[in-house]
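The primary structure of each chain is shown beneath.
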Amino acid sequence: MAKTVWSMCGMCSVRCPIRVEVDDGEIKWIEGNPHILGRSLCAKGTAGISLYRDCERPQTPLIRRGGRGAGKWDPVSWETAIEYVGEKLEKIISQYGARSVVLSCRGGPFVDLPKAFIHALGSPNFTNHDSACGRNVHHSSLSVYGLGRKGFVYDIKNSKHLVLFGRNILSSLRVAEVQQVVDMLEKGGSLTYVDVRQTLTGIKATRFFLVRPGTDYALALGMINEVIRRGAYDKEFIEKNVVGFDELAKFVEPYTAEWAAKECGVKAGKIKEFVAEIATQRPSVIFHPGWMMSRYKDSFYATRALHILNVLMGNIEVTGGQIFSKGPGDCGVKGLRSLDAQVPKPEERRADGVGWRYKHFDKGPGLFHLFYDAMITEDPYPIKALICYRHDPFSCFPDPQAQKEALEKCDLLVSIDTHYSEFGWFSDVILPESTYLERDSMIATQKGAKPRFIVRRQAVEPKFNTRASWEIFKLLADRLGIGQYFPYETIEDLWQWQLEPTGFSIEDFEEKGFVSLTEKPIMYDRNNLHGKFKTPSGKIEFVSQRLEEAGLPSFKPYESPLHPPQGKFRLVFGRTPVHSHSMTINNPMLHELMPENTLWMNRRAAEKLGIKEGDLVDVVSDTQKGVIKVHVTEFIHPEAVYTVHGFGRQVPLQSRAYHSGMSDQKLMEGLLLAMDVAGGGLCLCEKFVTVRKSPRNRKRRVEL
């Protein structure tokens, strides 16, 4: 019998709302929710059917047999797997305490479940992948506004000018955001794109600045200087809401457009022309602060400079600018019940040092990479178990070999995921989660100008012996004697418990797949933003009390990035609209669209080395080497080489992705703990590599 199921995509971390057509237990069609996305969906979203049908994923719980990473597994029942994990955890906790257990996830709207589990266990060590992604953006936002990176939404559709520093927004790929960009361009808005290479976003831009790698901060400082010199900022808004404008003006005095031009390679006249244009378009000008800004040693300050440019434009709480994210309380509705809120907060200090050794960082998910340091040094205490839920640190973080050496200090590694991750392959236990089309999820709140409650609904029965995360954590909690913090037996029980304070029921989601909490966007009174900024001063802080108290400058003097040594290149990486990092590399449909990555190389640099389009090249780091096909182009800075992240996988059971393409993170040797001390983000683009023509015989490689 045919039916429509309202649900949420799970092919990447955006989680677009979708409509699924099911007939006689088979998925026939997937499209974007027409009430929100007008039926649009990306290539990854449509490949969800392919994920569901794929047999090259864990089909039942697995317990390792033999050495870690040897690939020998015993298929077991869920009862056996839960008992095995429970027994191991009990032994670890009895010897080292609950604090020795770390749980990491990929973040997103459903983290209440894993966070409640680890806290109920008695450990403060909940974390996620974000120190290799958006921590610099988050912490810089906190330092300026007292609000995290999700504290604002961007009204791109009504903007007159969108400025992107390396934010390849058309490839990223948030469908609703892309629609907004297209709408803005069709209405005559401008798009300025800054990057070390040309991209899908760059070719749609009205202005493209090709910059030298590592000089984003210099360009932003040059722009601030020019904005202030011209008086092209919102004086009234700044006088009323900002602390530290005079200090900023003095700091940027030497960073003129002419100075920035020498650093970045962008002509001074072009910078001035750009500022003259935005001066006529403000306040509806958005400097997007970026998302994945774990790149260079000064990425925190580069992002902070972009936040400051937004404030100079006066674009807070205006049409076409930054709008405060609103929640249920702004709509007169009580929020969802939280599992984690019912759990007594562990009093132990975090092992990553966040909150006590690093007081200027947000304690929330902390900084994942610092747990490796704690594993090795046992300072402040030993770490003996790591549970990764939908998180593959070997693909996400640099230097997997260094990670493995630290993990040898752990007595238990558990992977909860829908697919074989590189970390999962190294783990002791794999608990297979059902794919998003096979599972229900908790209800979550989606904040914004028009907040709503959202939920994922199961479209089809699980194809294999897999479970939903709400079942897996409930099974583990019951086994470990903390089941009282998970007061449900079925997903219907959980939904009812969550919704009880709100006055809504799960039936209210039947019509559109979500519950909207307001009909019209909610806007605060821009002339009275008292209490909206959560900084110590209650105002926007160009001079940040939080940073100054930590002994860090609010304005960091610029340091020019190193030029690559002779014969070397700076390794940079990015995304494609076809794949979601390493998650989808083995997806049958997406693999067919993009089976491997290539290495972008500047034409002049390639000619000097005798390298031609399509040649196989060796990319050599300190001890690691990758082999990859080269793409010779004029549209990349000659100091850099670029590749798409996520390839080069080494899980033999993933036959399509196995050894397909090159892994960039394996070449990032020595960068696992290379952190921006102000922002907490890793410096992933601070690696130089050698590129040379490979002796590998491509024909023989194919025959093998």
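Figured I'd write up the structure that's included with this text. By convention here, each chain's residues receive numbers from 1 onward along its written sequence. Selection of residues for local features in this predicted model requires a pLDDT of at least 70, selection of side-chain atom pairs for listing and counting requires 80 or more, and totals for whole chains, interfaces and linings are taken over all residues. The side-chain quantities take in all heavy atoms of the structure and omit both hydrogens and water.

## A few points about the overall build of the protein
The helix and strand tally for the protein stands at 22 helices and 27 strands. Taking 2.2 N^0.38 as the reference for a compact globule, 704 residues should give roughly 27 Å; the C-alpha atoms of the protein span a radius of gyration of 25 Å, in line with that estimate. For the C-alpha atoms alone, the extent of the protein along its principal axes is close to 70 × 65 × 55 Å. Relative accessibility decides the category of a residue: with a 1.4 Å probe and only protein chains considered, values under 20% of the type maximum give buried, values over 50% give exposed, and everything between is partly exposed. A buried classification covers 62% of the 704 residues belonging to the protein. Between two residues, a contact is recorded if the distance between any of their heavy atoms is within 4.5 Å. A sequence separation of at least 24 residues applies to 73% of the contacts in the protein between residues at least 6 apart. Each accessible area is a Shrake-Rupley estimate made with a 1.4 Å probe; only the visible protein chains count as cover when residues are assessed. Counting every atom, the protein has about 27,000 Å² of accessible surface; 49% of that belongs to carbon and sulfur. Where the 93 positive side-chain charges of the protein centre and where its 84 negative ones centre are 4 Å apart. The helix and strand labels rest on DSSP assignments: H or I over at least four residues marks a helix, E over at least two residues marks a strand, and numbering proceeds from the N terminus. In this setup the radius of gyration rests on C-alpha atoms only. A globule is expected at 2.2 Å times the number of residues raised to 0.38. Counted charges follow a simple rule, with Lys and Arg positive, Asp and Glu negative, and His plus the chain ends left uncounted. To locate a charge, take NZ of a lysine, CZ of an arginine, CG of an aspartate or CD of a glutamate.

## A word on unusual backbone geometry
Note that the residue after Arg282, namely Pro283, is joined by a cis bond; omega there is 15°. Residue Pro380 follows Asp379 across a cis peptide bond; omega there is 15°. Phi angles above zero are rare outside glycine, and Arg39 is one such case at about 80°. Inspection of the secondary structure assignment puts Arg39 in the loop between strand E3 (26-32) and helix H1 (43-46). Arg39 gets classed as partly exposed once you look at its relative accessible area, which sits at 48%.

## Considering the packing of helix H3 (residues 78-96) against helix H17 (residues 469-479)
Orientation is described by axes fitted as lines to C-alpha atoms, over the contacting stretch for helices, and by angles from 0 to 180 degrees between their N-to-C directions. Following both chains from N to C, one finds H3 and H17 inclined at 50°, their axes separated by 9 Å at the closest point. When the interaxial angle is binned, H3 and H17 end up oblique. Judged by the twist between their axes, the crossing of H3 over H17 is right-handed. Between H3 and H17, the residues in contact are Trp78, Ile82, Glu83, Val85, Gly86, Glu87 and Glu90 and Ile472, Leu475, Leu476 and Arg479, respectively. Partitioned by chemical class, the residues of the contact of H3 with H17 number 6 nonpolar, 1 polar and 4 charged. Every angle not falling under 35 degrees, over 145, or within 65 to 115 is termed oblique; those three ranges are roughly parallel, roughly antiparallel and roughly perpendicular. Crossings are assigned a handedness: left-handed for a near helix turned anticlockwise from the far helix by less than a right angle, right-handed for a clockwise turn. Gly is put with the polar residues, along with every residue not named as nonpolar or charged; the nonpolar set is Ala, Val, Leu, Ile, Met, Phe, Trp, Tyr, Cys and Pro, and the charged set is Asp, Glu, Lys and Arg.

## What to know about the sheet that holds strand E22 (residues 568-574)
The mixed closed barrel is built from 6 strands, whose spatial order is E22-E26-E23-E25-E24-E27. In this sheet, neighbouring strand axes are inclined to one another by 45° on average, regardless of whether the strands run parallel or antiparallel. Two strands pair when backbone bridges link them, and strand E24 (residues 616-620) and strand E25 (residues 625-633) are joined in this way by 5 bridges, in the antiparallel orientation. By the bridge assignment for E25, Val620 is matched with Lys625. Whether two strands pair depends on DSSP finding at least two bridges between them.

## Observations concerning the pairing of strand E27 (residues 688-693)
Both E22 and E27 contribute to a ladder of 3 bridges, which runs antiparallel. Looking at E27, one finds that Arg570 is bridged to Phe688. With 4 bridges joining them, E24 and E27 adopt antiparallel strand pairing. For Val620, the partnering residue across the bridge sits in E27 and is Thr690.

Everything listed here is a matter of geometry and, on its own, says nothing about what the molecule does.
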